[in-house]
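# Structural description and commentary
The residues making up each chain are set out below.
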Amino acid sequence: GQCAAVCPTGAIVIKNDSARVWKALDEKETRVSVQIAPAVRVALGKELGIGDGENAMGLIVAALRRMGFNEVFDTSTGADLTVLEESAEFLARLGKGEHEMPLFTSCCPAWVSYAEKNEPEVVKNLSTCRSPMQMFAAVIKEHHKHSPRKHVHVAVMPCTAKKAEAAREEFRGELGPDVDYVITTQELIQMIKESGIVFSELEPEAVDMPFGTMSGAGVIFGVTGGVTEAVLRRVISDKSAAALRTIAFKGVRGGEGIKVATVKYGDRELKIAVVSGLGNAHELIKRIKEGEHYDFVEVMACPGGCVCGAGQPFILREGKVSRAKGLYSADKMSSIKRSEENPLMLSLYSGLLKGRVHELLHVHYHAKEA
Ligand code: SF4
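A quick note: this is a predicted structure, and the numbers were derived from the prediction, not measured.

### Let's talk about the packing of aromatic side chains
Under the counting rule described, the total for this entry stands at six aromatic pairs. Arranged with centres 5.4 Å apart and planes meeting at 70°, the rings of Phe73 and Phe211 form a pair that is edge-to-face. Of the two residues, Phe73 sits in strand 2 (residues 71–74) while Phe211 sits in the loop between helix 7 (185–194) and helix 8 (216–219), which places them 138 residues apart along the sequence. Owing to a relative accessible area of 1%, Phe73 belongs among the buried residues under this scheme.

### Re the pairing of strand 8 (residues 258–265)
For a regular strand, the rule is simple: side chains alternate between the two faces of the sheet. Relative to strand 9 (residues 268–276), strand 8 runs antiparallel, the two sharing eight bridges. Note that in strand 9 the partner of Lys259 across the bridge is Val274. From the end of strand 8 to the start of strand 9, which pair antiparallel, there are two residues, and Gly266 there has a positive phi angle of about 60°.

### Examining the pattern of salt bridges
Going through the model one piece at a time under the given rule, you end up with 28 salt bridges. As a salt-bridge pair, Glu71 and Arg31 come within 3.7 Å of each other at their nearest N and O atoms. Of the two residues, Glu71 sits in strand 2 while Arg31 sits in strand 1 (residues 31–36), which places them 40 residues apart along the sequence. Here the two residues Glu71 and Arg31 agree in accessibility, since each one is buried. One salt bridge in this structure joins Arg66 and Glu205, with 3.1 Å as the shortest N-O distance. One end of the pair, Arg66, is in helix 2 (residues 57–67); the other, Glu205, is in the loop between helix 7 and helix 8, and 139 residues separate them in sequence.

### Digging into the site of the ligand
Around the ligand, the neighbouring residues are Cys108, Pro109, Ala110, Pro158, Cys159, Lys162, Met300, Ala301, Cys302, Cys306 and Gly309. Partitioned by chemical class, the residues of the shell around the ligand number nine nonpolar, one polar and one charged.

### Notes on the side chain of His144
Examined against the element boundaries, His144 turns out to sit in the loop between helix 5 (132–143) and strand 4 (151–157). Residue classification places His144 among the buried residues on the basis of a relative accessible area of 11%. Setting aside anything within four residues of it in sequence, one finds His144 in contact with Arg31, Glu71 and His151.

Rules behind the numbers
All residue numbers refer to positions counted from 1 along the written sequence of the respective chain. Only residues with pLDDT of 70 or above have their local features reported here, since the model is predicted, and side-chain atom pairs are shown and tallied only from 80 upward, although totals for entire chains, interfaces and linings are computed over all residues. Calculation of side-chain values draws on the structure's entire complement of heavy atoms; hydrogens and water are dropped beforehand. Planes of paired rings set the category: under 30 degrees apart is stacked, over 60 is edge-to-face and the rest tilted, where pairs are Phe, Tyr or Trp rings (Trp by its six-membered ring) whose centres lie within 6.5 Å. Numbering of helices and strands runs from the N terminus, with a helix taken as a DSSP run of H or I at least four residues long and a strand as a DSSP run of E at least two residues long. Buried residues are those whose accessible area, probed at 1.4 Å on protein chains only, stays under 20% of the maximum for their type, while exposed residues exceed 50% and partly exposed ones sit between those limits. For two strands to pair, DSSP has to find at least two bridges joining them. By convention in these notes, a salt bridge is any Lys or Arg side-chain nitrogen within 4 Å of a carboxyl oxygen on Asp or Glu. Proximity is defined per residue: if any heavy atom of the residue lies within 4 Å of a molecule or strand, that residue is considered near it. Three categories are distinguished: nonpolar for Ala, Val, Leu, Ile, Met, Phe, Trp, Tyr, Cys and Pro, charged for Asp, Glu, Lys and Arg, and polar for the others, with Gly belonging to the last. The contact criterion used throughout is that any non-hydrogen atoms of two residues lie within 4.5 Å.

Any link to function would need more than the numbers given here.
Set out below in structure tokens:
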């Protein structure tokens with residue numbers, strides 16, 4: 001019942017990148033942009049004088065601006081791209097037949113590297129979608145590509161596994177890695193303290209344009225079941241509020257390690273599994289090998305999802321629930337519920353991403369020797 005305080009993969013060399021980020025912020029001519037993951041905003045809590053689970057996104061944005069970041073964005077915007085790409089991939093596979101299923105999510109890098117090493121048979125079923133962090137970084141780097149100004153992109157993430165993901169060969173563009181530095185929530189807290197900012201006294205601020213809109217579906221990526229719920233919102237054609245509630249109550253919400261749900265899609269029944277914890281992933285894969293059928297499987301390495309990532313301040317069970325609640329109420333407060341309703345998506349697909357979706361938003365993972 002407690003959140004993991006250690007890296008779930010146990011194999012990652014944890015390095016603190018805050019010194020490098022301070023150095024980039026000191027270089028006047030360098031543009032430093034930053035994206036903040038959904039789970040971070042509900043975890044700064046006690047350390048900075050506000051309640052755990054309280055949504056501090058506006059305060060984080062204000063703090064990062066005072067620290068010298070030139071552009072502040074929300075990874076939920078990147079998650080909207082992931083939802084659209086992953087839904088399209090899911091429907092394309094479904095169209096090819098049962099043998100192509102299930103589609104496994106790939107936005108948790110600790111799960112991806114575990115699968116590459118330990119579950120070679122499922123690697124071909126891993127989604128080719130880059131994680132929200134990597135999709136968004138590729139878009140932001142592309143947007144500034146022709147500017148003469150040096151550009152450093154930073155991501156504030158709930159885990160150290162994201163540092164290893166950012167360093168992967170697959171995610172290097174012409175000018176270097178798409179994400180230059182990843183700092184964890186704990187490193188961010190440290191940096192805010194070092195800068196002398198009184199966090200609880202800041203006025204909340206909004207993120208920057210042109211990437212300033214996101215949907216509630218993108219925000220719930222930070223909790224186990226969130227990716228599934230976001231994809232189902234996109235796939236299910238009934239767009240009523242009642243349909244949204246049905247998806248929420250289908251069993252994808254809640255903290256159990258393996259959740260199974262059935263969702264109607266046309267004349268088919270889609271079988272969905274939501275898994276958190278790598279032991280549970282191994283267990284579910286065993287069940288699949290023994291003949292159980294699934295169409296969509298979400299895997300998050302941390303029990304409870306990213307709200308309990310190893311880069312987050314440690315909490316007990318109650319804290320886990322309040323962080324999840326914080327993200328669900330942020331979703332409730334957003335006027336845009338579904339990723340496809342985010343107006344930015346339309347302009348990205350008809351502009352910057354035109355003809356480049358595969359190159360900027362996808363990746364192919366391969367099984368590795370254990
Ligand atoms: Fe990182 Fe854990 Fe989230 Fe995976 S589930 S992305 S390891 S915080």
